[in-house]
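# Coordinate analysis (summary)
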Amino acid sequence: MQLVSLFLKLFLSDLNIQVGALIGIQVDPNKLEEVGNAVSNHEYTTWVSRTTGGYDIFTWVTVPDSKELTNFLTYYLGNLDGVNKTETFINLEVLKRGL
């Protein structure tokens, strides 16, 4: 498992991925499955979960830079039918990462 973890860390560093963000998404109840599948299938999402509380879906994205994050939020999430609101939490520093 440690070898897989090391390989994945090296692979991600080779991709030059620099920005990580957690995004909370509020969705119309009748669009949860569609939005969840669309978000899950995007290349920038690394983790997607349906949740309870103020947001219906949380996703973790890794993108090359803040411009790509803006494009993802504006042109991808912003155009998905059923998405009502998003809130983005940008990663400043990773204190622990488990794979």
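Every chain is numbered independently, its residues counted from 1 as its sequence is written. For a predicted model such as this one, the threshold for reporting local features is a pLDDT of at least 70, and the threshold for listing and counting side-chain atom pairs is 80 or more; totals across whole chains, interfaces and linings nevertheless cover every residue. Side-chain measures were taken over the full set of non-hydrogen atoms in the model, leaving aside hydrogen atoms and water.

### Examining the environment of proline 64
Using the following cut-off: Here a strand is any run of E in DSSP of at least two residues, a helix any run of H or I of at least four, and the numbering for each starts at the N terminus. Under the scheme applied here, a residue whose accessible area is under 20% of the maximum for its type counts as buried, over 50% as exposed, and between as partly exposed, the area being computed with a 1.4 Å probe on protein chains only.
Here proline 64 is to be found in the loop between β3 (57-63) and α3 (66-76). Of the residues examined, proline 64 reaches a relative accessible area of 33% and is grouped as partly exposed. For the pair proline 64 and tyrosine 44, spaced 20 residues apart in sequence, the C-alpha separation works out to 9.3 Å.

### Notes on the environment of aspartate 65
Counted only if it meets this: Here a polar contact means two N or O atoms within 3.5 Å. Within protein one must be a hydrogen donor candidate and the other an acceptor candidate, and residues neighboring in sequence count only if both atoms are side-chain atoms.
Of note, aspartate 65 is situated in the loop between β3 and α3. Sequence separation between aspartate 65 and valine 19 is 46 residues; the distance between their C-alpha atoms is 5.6 Å. Polar side-chain contacts of aspartate 65 include one of 3.2 Å to the backbone nitrogen of lysine 67.

### Some points on the environment of threonine 88
Inclusion rule: Note on definitions: a residue-residue contact is assigned when non-hydrogen atoms from the two residues lie within 4.5 Å.
Relative to the elements of secondary structure, threonine 88 occurs in strand β4 (residues 83-90). Between the C-alpha atom of threonine 88 and that of leucine 22, which follows or precedes it by 66 residues, the distance is 5.9 Å. When near neighbours in sequence (up to four residues on either side) are disregarded, threonine 88 contacts Ala21, Leu22, Ile23, Leu69 and Leu73.

### A look at helix α2 (residues 32-40)
Heads up, the condition is: Arc, as used here, means the arc of the directions from the helix axis to the C-beta atoms.
Here α2 has its buried residues at Val35, Gly36, Ala38 and Val39. Each buried residue of α2 lies within a common arc of 165 degrees when the element is viewed along its axis, so the set occupies one face. Next to the buried residues of α2 lie β1 (19-27), β2 (45-50), β3, α3 and β4.

### Topic: the sheet that holds β4
Applied cut-off: Strands qualify as paired when DSSP identifies two bridges or more between them. Helix axes are fitted only over the stretch in contact, all axes being lines through C-alpha atoms; the angle between N-to-C directions runs from 0 to 180 degrees.
One open sheet holds the four strands; their spatial order is β2-β3-β1-β4, and the pairing between them is antiparallel. Here the strands that pair on one side only, and so sit at the sheet edges, are β2 and β4. On average, each strand axis in the sheet is tilted by 20 degrees relative to the strand beside it, whichever way the strands run. Sheet topology note: the β2/β3 ladder contains five bridges and is antiparallel. When the sheet's bridge partners are listed, valine 48 is paired in β3 with threonine 59. Relative to β2, α2 is tilted by about 165 degrees, and along the sheet it contacts β1, β2, β3 and β4. Here α3 sits on the sheet in contact with β1, β2, β3 and β4, set at roughly 10 degrees to β1.

### A short note on the packing of aromatic side chains
Which entries qualify depends on this criterion: For Phe, Tyr and Trp, rings pair up if their centres lie within 6.5 Å, where Trp contributes its six-membered ring, and each pair is then called stacked (planes under 30 degrees apart), edge-to-face (over 60) or tilted (otherwise).
Per the counting criterion, the structure on display carries three aromatic pairs. Seen in terms of ring centroids, tyrosine 44 and phenylalanine 72 are 6.4 Å apart; in terms of plane orientation they differ by 65 degrees. Their pairing is edge-to-face. Of this pair, tyrosine 44 sits in the loop between α2 and β2 while phenylalanine 72 sits in helix α3; the two residues are 28 residues apart in sequence, bridging distant segments of the chain. The exposure class of phenylalanine 72 is buried, given its relative accessible area of 2%. Plain terms: the ring middles of tyrosine 55 and phenylalanine 58 are 5.6 Å apart, the flat faces sit at 70 degrees to each other, and that makes the pair edge-to-face. The exposure class of phenylalanine 58 is buried, given its relative accessible area of 18%. Through a chain of ring-to-ring contacts, the aromatic side chains of Tyr44, Phe72 and Tyr76 assemble into a single cluster.

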